[in-house]
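Tertiary structure, described
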Amino acid sequence: MTAPASPVPSLDGPWTHRDVAANGARFHIAELGRGPLVLLLHGFPQFWWSWRHQLPALADAGYRAVAMDLRGVGGSDRTPRGYDPANLALDVTGVIRSLGEPDAALVGHDLGGYLAWTAAVMRPKLIRRLAVSSMPHPRRWRAAMLRDVRQSAAGSHIWGFQRPLVPERQLVADDGALVGRLISRWSGPRLPEAFDEEALATYRRAMCVPSTAHCSVEPYRWLVRSLARPDGVQFYRRMKRPVRVPTLHLHGSLDPVLRTRSAAGSGQYVEAPYRWRLFDGLGHFPHEEDPASFSTELIDWLKDPEPDR
């Protein structure tokens, strides 16, 4: 499977688009600005465009801001395999190397946050700082999904992804209508100003690119199906190793997908300055629901030479 040349129309902006090779695949990136690298990782059901507000904000603040499409999404390659978190994290660190940078501040949302946590453990020398939004540490996520009935219910879509073929068909039915409903359902009360019809239509179109729906749910299938398999046990054992880079953990107080209780406490896995920031009144997409506040928090932390614990 390969990526189409132009997965979604009308995405021009101050950024430039190009492809980079990493970890045996080709990845689409949008980049803007010069300075220390800040690499942005999107979540589900989105693609690089979810960082459209942060790209210019970071560039104006003196950073080289790069938003990449994860494997199987947007303009990146749709490979038949390779959707386990360890390999996806190697995609991320491979892109850092391909960009010619010695390291990066890694910023991830949702699934991108899961991969950011993973990359910081697997390749700590390549990660200068870590910022995660709307996603607990992988071990915290696993414990919450298995032991917390409310979190298990909140993540019911992940259990639903385990069915063969059905999730893919549901995601592309009626021109991706489910994608629009999920974003609306998971957002806080600021939905109209955060996601107008054009924005929702953009995400819907992106999901309808052939093979995208299948590739989008494959990581979640691995997360559940591997829980009792040797590869899954080995992965979560590996994730016991602490994160040793300054970490900013961002979360919306009204997030219906990842409960605040599930995300809070991830600092126990960080042996470095750790800052927890809860955005009052925001849902699962704080970087889009209140981009100004999110960008300000992120940039102030990136510029802080001694981030507090």
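Right, let's walk through the structure included here. (Residues numbered from 1 in each chain as written. Predicted model: local features only at pLDDT ≥ 70, side-chain atom pairs only at ≥ 80, totals over all residues. Heavy atoms only, no water.)

**Examining empty space enclosed by the protein**
Operational definition: Using a 1 Å grid laid over the protein atoms alone, points where a 1.4 Å probe fits but cannot get out form a cavity; open sets with protein on both sides within 12 Å along at least 5 of 7 lines form a pocket; any residue with an atom within 4 Å of a point counts as lining. Grid points are joined across faces, edges and corners, and a volume is the space filled by probe spheres set on the points. Strands are runs of DSSP state E lasting at least two residues, helices are runs of H or I lasting at least four, and both sets are numbered from the N terminus onward. By the convention adopted, Pro, Cys, Tyr, Trp, Phe, Met, Ile, Leu, Val and Ala count as nonpolar, Lys, Arg, Asp and Glu as charged, and the other residues, Gly among them, as polar.
Within the structure shown, the criterion is met by 3 cavities of 30 Å³ or more. Roughly 100 Å³ of internal volume is contained in the largest cavity. As for the largest cavity, its lining consists of 14 residues, and the residues nearest its centre are His 42, Leu 70, Val 73, Leu 111 and Ser 216. With 3 residues, helix 10 (residues 212-225) is the largest single contributor of residues to the lining of the largest cavity. Broken down by class, the residue content of the lining of the largest cavity amounts to 9 nonpolar, 4 polar and 1 charged. Of the voids in this model, the second largest cavity is the one considered here, and its volume is about 70 Å³. The wall of the second largest cavity is formed by 13 residues, among which Asp 110, His 157, Ile 158, Val 257 and Leu 258 lie closest to the centre. Counting only elements with at least two residues in the lining of the second largest cavity, the list comes to helix 4 (138-147) and helix 6 (156-160).

**Side note on the packing of aromatic side chains**
Put simply, the rule reads: Any two of the Phe, Tyr and Trp rings considered here, Trp counted by its six-membered ring, make a pair once their centres fall within 6.5 Å; the pair's planes then place it as stacked at under 30 degrees, edge-to-face at over 60, or tilted in between. For every residue, the accessible area obtained with a 1.4 Å probe (protein chains only) is divided by the maximum for its type, and the residue is called buried under 20%, exposed over 50%, and partly exposed between those limits. A positively charged side chain is recorded as over a ring if its NZ (Lys) or CZ (Arg) lies within 6 Å of the ring centre. The angle to the ring normal must also be within 35 degrees.
Counting across every chain of the model gives 16 aromatic pairs. Between Trp 49 and Tyr 203, the ring centres sit 5.5 Å apart and the planes meet at 65°, which makes this aromatic pair edge-to-face. With Trp 49 in the loop between strand 3 (37-41) and helix 1 (54-60) and Tyr 203 in helix 9 (residues 197-207), the pair connects residues that are 154 residues apart, well separated along the chain. Measuring from ring centre to ring centre gives 6.0 Å for Tyr 114 and Trp 141, while their planes differ by 90°; the resulting arrangement is edge-to-face. Placement of Tyr 114 in helix 3 (residues 111-122) and of Trp 141 in helix 4 is noted, with a sequence separation of 27 residues between them. Each of the two residues, Tyr 114 as well as Trp 141, counts as buried. An aromatic cluster of three or more residues is present, and its members are Trp 15, Phe 47, Trp 48, Trp 49, Phe 195, Tyr 203 and Phe 285. Above the plane of the ring of Trp 49 lies Arg 52, whose end atom (NZ or CZ) is 3.8 Å from the centre.

**Side note on the sheet that holds strand 5 (residues 104-109)**
Consider a sheet: its strands pair through backbone hydrogen bonds, and that pairing is either parallel or antiparallel. Here is the rule: If DSSP finds at least two bridges between two strands, the strands pair. Note on geometry: axes are lines fitted to C-alpha atoms, helical ones only across the stretch in contact, with angles between N-to-C directions running from 0 to 180 degrees.
The strand order 1-2-4-3-5-6-7-8 describes an open sheet built from 8 strands, whose pairing is mixed. Each of the sheet's edge strands pairs with one partner strand only, and the pair in question is strand 1 (16-22) and strand 8 (274-279). On average, each strand axis in the sheet is inclined to that of its neighbour by 25°, with strand direction left out of account. Pairing of strand 2 (residues 25-32) with strand 4 (residues 64-68), which is carried by 4 bridges, proceeds in the antiparallel orientation. Each bridged residue has a counterpart across the sheet, and for Ala 30 the counterpart in strand 4 is Ala 67.

**Topic: helix 14 (residues 291-303)**
So the rule is basically this: Here the expected span of a helix is defined as 1.5 Å times the quantity of residues minus one.
Its 13 residues give helix 14 an end-to-end C-alpha distance of 18 Å, which sits within 8% of 18 Å, the value for a rise of 1.5 Å per residue. Those residues of helix 14 that fall on the buried side of the exposure criterion are Phe 294, Ser 295, Glu 297, Leu 298, Ile 299, Trp 301 and Leu 302.

**Some thoughts on the packing of helix 2 (residues 85-98) against helix 3**
Definition in use: Convention used here: angles under 35 degrees read as roughly parallel, angles over 145 as roughly antiparallel, angles from 65 to 115 as roughly perpendicular, and any remaining angle as oblique. In what follows, residue pairs with any heavy atoms lying within 4.5 Å of each other are defined as contacts.
One can describe the packing of helix 2 onto helix 3 by two numbers: an axis separation of 9 Å at closest approach and a directional angle of 80°. Considering the angle they form, helix 2 stands roughly perpendicular to helix 3. Between helix 2 and helix 3, the residues in contact are Pro 85, Ala 86, Leu 88, Ala 89, Leu 90 and Thr 93 and Tyr 114, Leu 115, Thr 118, Ala 119 and Met 122, respectively. Residue composition of the contact of helix 2 with helix 3, by class: 9 nonpolar, 2 polar and no charged.

**Things to note about the environment of Ser 134**
Spelled out, the test is: In the analysis that follows, any N or O atom pair within 3.5 Å is treated as a polar contact, provided that within protein one partner can donate a hydrogen and the other can accept it, and provided that, for residues neighboring in sequence, both atoms belong to side chains.
Structurally, Ser 134 can be placed in the loop between strand 6 (127-133) and helix 4. C-alpha of Ser 134 to C-alpha of His 157: the two residues are 23 residues apart in sequence and 16 Å apart in space. Sequence-distant contacts of Ser 134, defined by excluding residues within four places in its chain, comprise His 109, Asp 110, Leu 250, His 251, Asp 255, Leu 258, His 284 and Pro 286. One polar contact links the side chain of Ser 134 to the main-chain carbonyl oxygen of His 284, over a distance of 3.0 Å.

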